[in-house]
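What the coordinates show
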Amino acid sequence: MVDRPPAKLPGLTELGLLYRDIGRVEALVEDILLAMADTIKTVPNKISVSGHTDAKPYAGQGDFGNWELSANRANASRRELVTGGLAEGRIVRVVGLADTLPLDPANPTAPLNRRISIIVLNKQAEAALRSGGNKKLDVSSEEGVDVGDIRAGLGASSRPAPRPLPKESAPE
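What comes next is a walk through the structure. Not measured: the values here are computed from a predicted model.

Thresholds, definitions, all that
- Residues numbered from 1 in each chain as written.
- Predicted model: local features only at pLDDT ≥ 70, side-chain atom pairs only at ≥ 80, totals over all residues.
- Heavy atoms only, no water.
- Pairing = 2+ DSSP bridges.
- Helix = DSSP H or I, 4+ residues; strand = E, 2+ residues; numbered from the N terminus.
- Right-handed = clockwise from strand over helix to strand, strands pointing away.
- Salt bridge = Lys/Arg side-chain N within 4 Å of Asp/Glu carboxyl O.
- Core = buried A, V, L, I, M, F, W, Y, C linked by side-chain atoms within 4.5 Å.
- Buried < 20%, exposed > 50% of the residue type's maximum accessible area, 1.4 Å probe, protein only.
- Contact = heavy atoms within 4.5 Å.
- Axes fitted to C-alpha atoms, helices over the stretch in contact; angles between N-to-C directions.
- Parallel < 35°, antiparallel > 145°, perpendicular 65-115°, else oblique.
- Left-handed = near helix turned anticlockwise from the far one by under 90°.
- Nonpolar A, V, L, I, M, F, W, Y, C, P; charged D, E, K, R; others polar.

1. Looking at the pairing of strand S5 (residues 91-96)
Taken together, the five bridges between strand S4 (residues 47-52) and S5 define a ladder with parallel strand orientation. In the sheet register, Val49 faces S5, and the bridge partner there is Val94. You can see the chain leave S4, run along helix H2 (residues 66-83) and come back into S5, and the turn it takes is right-handed.

2. With respect to the pattern of salt bridges
Pairs may arise between side chains of opposite charge once their charged atoms sit close together. Inspection of the entire model under this criterion finds four salt bridges. Asp54 serves as the salt-bridge partner of Arg114, at 2.5 Å between the closest nitrogen and oxygen. Of the two residues, Arg114 is situated in the loop between S5 and strand S6 (115-120) and Asp54 in the loop between S4 and H2; the sequence distance between them amounts to 60 residues.

3. Comments concerning the nonpolar core
Counting 16 residues, the largest nonpolar core has Leu33, Ile40, Ile47, Val49, Leu81, Leu86 and Ile118 as the members making the most contacts within it. Of all the secondary structure elements, the ones that give two or more residues to this core are helix H1 (27-40), S4, H2 and S6. Considering each element in turn, this core owes the most residues, five residues, to H1. Residues within four places of Leu86 in sequence aside, it is in contact with Ala37, Ile40, Lys41, Ile47, Leu81 and Ile91.

4. Overview of the packing of H1 against H2
Two elements in contact, H1 and H2, have axes separated by 8 Å at closest approach and are oriented at 55°. Here H1 is positioned oblique relative to H2, judged by the angle of their axes. The handedness of the crossing between H1 and H2 comes out as right-handed. Contacts from Glu30, Leu33, Leu34, Met36, Ala37 and Ile40 of H1 reach H2 at Ser77, Glu80, Leu81 and Thr83. When the residues that make up the contact of H1 with H2 are grouped by side-chain class, the tally is six nonpolar, two polar and two charged.

This is the structure we're talking about:
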């Protein structure tokens, strides 16, 4: 097992065109997920798949809202990864998070927030998930990944850069 901090693969935003209906991914995203399955298969780590929405209420029928939509996104993505040859047992969690973790918190209705996240887990992260959340999980990265870098990679580079830490709290 590769034992590094959990690696977050870039979210597949596709500017809100991630799914053509409630439970199916778009052809482009399907191709990306199938390719990702090939890559993920090269490491023995387990993964977690999360679905996300923006803050706009889903205009579906009945009680179907952003929670259900985000869970369906995650599950549709799981199905594509399995279709791509990833063993079912490698996926330890599939969860819908609605609009609770926006990629762009300053603009909660931005299409950028409609995405899935696939996290490749290290041993500590997998153990924390399997314990039912009873273990503290440190997801810090020794490599100093900056959320601004992630946003820039997703095409959000026009947003202002994060403010630097005050001098007295900057890490050495």
